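For reference, the chains in residue letters:
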Amino acid sequence: MKHIIVEGGHKLAGTIHVSGAKNAVLPLIAAAMLPAGVSYIEETPWLTDVENMCEVLDYLGVSTEYKDGTLRIDATELADSNAPFEAVQKMRASFLVMGPLLARLGRARIPLPGGCAIGARPIDLHLKGFEAMGAGITISDNYIEARVNTLHGARIYLDFPSVGATENIMMAAALAEGNTVIENAAKEPEIVDLANLLNAMGGKVRGAGTDVVRISGVPELHPAVHTVIPDRIEAGSFMLMAAVTGSELFLENVITSHLQPIMAKMQDAGVRIIDEIDRLHILPADRFDPVEIKTMPYPGFPTDMQAQFMAFLTLANGTSTVTETVFENRFMHVPELCRMGAQISVHGNTAIVNGVPKLKGTCVEATDLRAGAAMIVAGLAAEGRTVIGQVDHIYRGYEDIIGKLRAVGAHIYEE
Ligand code: UD1
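Residues numbered from 1 in each chain as written. Predicted model: local features only at pLDDT ≥ 70, side-chain atom pairs only at ≥ 80, totals over all residues. Heavy atoms only, no water.

Looking at the domain arrangement of the protein
Reasoning step 1: Annotation of the protein at the domain level lists domain 1 (4-19 + 230-414) and domain 2 (22-227).
Reasoning step 2: On a C-alpha basis, the centroid separation for the pair domain 1 and domain 2 is 30 Å.
Reasoning step 3: At the junction of the two partners, domain 1 supplies 25 residues and domain 2 supplies 24 residues.
Reasoning step 4: At the boundary of domain 1 with domain 2, total buried surface from both sides reaches about 1,900 Å², with 54% on carbon and sulfur atoms.
Reasoning step 5: It is Tyr298, Arg396 and Glu399 in domain 1 that bury the most area against domain 2; as a group they hold 32% of the surface buried on that side.
Reasoning step 6: Applying the counting criterion to the domain 1 and domain 2 interface returns two salt bridges.
Reasoning step 7: Note that Arg232 is salt-bridged to Glu190, the shortest N-O span being 2.9 Å.
Reasoning step 8: Applying the counting criterion to the domain 1 and domain 2 interface returns eight residue pairs in polar contact (both at pLDDT 80 or more).
Reasoning step 9: Mapped onto the side of domain 1 that touches domain 2, the elements with two or more residues apiece are α12 (369-381) and α13 (392-395). (Domains from an automatic or database assignment. Contact = heavy atoms within 4.5 Å. Buried area = accessible area lost by both parts, 1.4 Å probe. Salt bridge = Lys/Arg side-chain N within 4 Å of Asp/Glu carboxyl O. Polar contact = N/O pair within 3.5 Å; in protein donor to acceptor, adjacent residues only side chain to side chain. Helix = DSSP H or I, 4+ residues; strand = E, 2+ residues; numbered from the N terminus.)

Okay, here's the thing in structure tokens:
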């Protein structure tokens, strides 16, 4: 098993190009199953999660080819409705093929999804949506089977604005008979990106980005070419890496409005960020103030930035609090940070972070994808050498992270 080694205490300098968003591209790949034909997704980040999603599509008779950042998806032959156990177990987002399979074939059989171990992560809201649209659902032997003659539009209220459920229902509704209204829908930028692709395919989706998404079903969609939005979580992670090392860094390929919830908290902590419209300029600072963070659905502070932000706050000048409201069990990075000298105590879903003057490099684990990124944030700031294990988690969501950081002066490598 490989490790990532970080030699801390070196400043970063230069410009990093932010990749296409992992959390946008996975539903976009699923949506490319809806039209019978060839769609192209530009700025696709080459990540193990993307490879895994392509593997799932391959089993279903949908071929994919990746070249120069563009993913070609040929869904002409979509034939099989049985998703493969191993690939789905690896990644929860593969459950997003359920909506397209139901819409095109009227049936789907999918293993109960896996993914990062950050809580129970049920799929009841996805199923509630499909049932409201006329699907019959059975669960047995760790498989979910759904069948429907004709999907029809429905009014669906989500008890929680689940990103995946909103996306899965949008995709099924795009080819359903009649109108679907999703209330208390997720408002993440990735939902808007999906709506843009569906509309480019001839779909009728309105309201994406608000809490009511309306979809008028159409009998058929046609293939499309679409460019993925930049990854706001990757950008946020690099911003924190610049901040903890007291570096001046530029980030290009960003949509700064998507980064507002992250930038606002960094600015509260005293980080100076200049929004140059199409790029961000992070200025060096040598001390940070403590802040209070509470994760919330968009436009609140993203749960996917919580671990990295906590790593940053371990070095703040005072006591911060971090409250996780989206997932239970998303504090697995706390003992790892404490191993590096951080002072953090957990009380229910709140972590109290007492800032310390410095962290010390040691052996830590990337317990999940974002926890792994948090270890890099901490490792870059720490004295000495940080050895990060279970790095496969990191490669699920950060494209060429070692190459990108080395190019701006970080002492980081794989061993
Ligand atoms: C997506 C992101 C993930 C991010 C999360 C929250 C992708 C590929 N992944 O995951 O990186 O951390 O949004 O921003 O986009 N829930 C239910 N029932 C359901 C579905 C969800 O109770 O049917 C709960 C979950 O357990 C969790 C909360 O809703 O507590 C949020 O989950 P959700 O928004 O669905 O996250 P994902 O789409 O899985």
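Thoughts on helix α10 (residues 306-313)
Reasoning step 1: Counting buried positions along α10 yields eight of eight residues, so the element is predominantly enclosed.
Reasoning step 2: Every buried residue of α10 is listed here: Gln306, Ala307, Gln308, Phe309, Met310, Ala311, Phe312 and Leu313. (Buried < 20%, exposed > 50% of the residue type's maximum accessible area, 1.4 Å probe, protein only.)

Section: the packing of helix α6 (residues 163-174) against helix α7 (residues 189-200)
Reasoning step 1: Where α6 contacts α7, the two axes come as close as 10 Å, and the packing angle between them is 10 degrees. Relative to α7, the element α6 is oriented roughly parallel. For the pair α6 and α7, the contacting residues are Val163, Thr166, Glu167, Met170, Met171 and Ala174 in the first and Glu190, Ile191, Leu194, Ala195 and Leu198 in the second.
Reasoning step 2: Of the residues contributing to the contact of α6 with α7, the split by class is eight nonpolar, one polar and two charged. (Axes fitted to C-alpha atoms, helices over the stretch in contact; angles between N-to-C directions. Parallel < 35°, antiparallel > 145°, perpendicular 65-115°, else oblique. Nonpolar A, V, L, I, M, F, W, Y, C, P; charged D, E, K, R; others polar.)

Observations concerning the side chain of Asp74
Reasoning step 1: Relative to the helices and strands, Asp74 is located in strand β5 (residues 70-74).
Reasoning step 2: Of the side chains with opposite charge, Arg72 lies nearest to the buried Asp74, which makes no salt bridge, at 4.4 Å.
Reasoning step 3: For Asp74, the side chain forms a polar contact with the side chain of Thr76, separated by 2.4 Å. (Lys, Arg positive; Asp, Glu negative; His and termini not counted.)

Considerations on the site of the ligand
Reasoning step 1: As a matter of local geometry, the ligand sits amid 18 residues, with Asp124, Leu125, Ser162, Asp304 and Val326 nearest to it.
Reasoning step 2: Within the side chain of Arg92, an N or O atom sits 2.7 Å from an oxygen atom of the ligand.
Reasoning step 3: Here an oxygen atom of the ligand sits 2.6 Å away from a polar atom, N or O, in the main chain of Val326.
Reasoning step 4: In isolation the ligand has 740 Å² of accessible area, and contact with the protein removes 86% of it.
Reasoning step 5: Looking at the shell around the ligand, the elements that each hand over two or more residues are α5 (124-132) and α6. (Near = heavy atom within 4 Å. Areas by Shrake-Rupley, 256 points an atom, 1.4 Å probe, with all protein chains shown as cover.)

Let's talk about the packing of aromatic side chains
The description of an aromatic ring pair rests on the distance of the ring centres and on the angle between the ring planes.
Reasoning step 1: Going through the model one piece at a time under the given rule, you end up with five aromatic pairs.
Reasoning step 2: Aromatic pair Phe309 and Phe312: ring centres 5.2 Å apart, planes at 80 degrees, arrangement edge-to-face. On the criterion of helical spacing, the pair formed by Phe309 and Phe312 is a turn pair, its members being three residues apart in helix α10. The residues Phe309 and Phe312 share a single accessibility class, namely buried. (Phe/Tyr/Trp six-rings, centres within 6.5 Å; stacked < 30°, edge-to-face > 60°.)

Considerations on helix α9 (residues 260-268)
Reasoning step 1: All of the buried residues in α9 are Pro261, Ile262, Met263 and Met266.
Reasoning step 2: Residues of α9 that are buried in the fold lie against α8 (232-244), β15 (273-275), β16 (279-282) and α10.
Reasoning step 3: Gly270 occupies a position one or two residues after α9 and carries a positive phi of about 100 degrees.

Focus: the pattern of salt bridges
Reasoning step 1: By the definition in use, this model includes 16 salt bridges.
Reasoning step 2: The shortest N-O distance in the salt bridge between Arg385 and Glu7 comes to 3.7 Å. Taken together, the positions of Arg385 in strand β22 (residues 385-389) and Glu7 in strand β1 (residues 4-7) put the pair 378 residues apart, joining distant regions of the chain.
Reasoning step 3: Using a relative accessible area of 39% as the deciding quantity, one classes Arg385 as partly exposed.
Reasoning step 4: Between Asp159 and Lys128 there is a salt bridge, and its shortest N-O distance comes to 3.9 Å. Here Lys128 lies in helix α5 and Asp159 lies in the loop between β9 (155-157) and α6, a separation of 31 residues in the sequence.
Reasoning step 5: For Asp159, a relative accessible area of 55% corresponds to the exposed category.
Reasoning step 6: Of the residues examined, Lys128 reaches a relative accessible area of 32% and is grouped as partly exposed.
Reasoning step 7: Several salt bridges converge on common partners, so that one network encompasses Lys22, Asp49 and Arg396.

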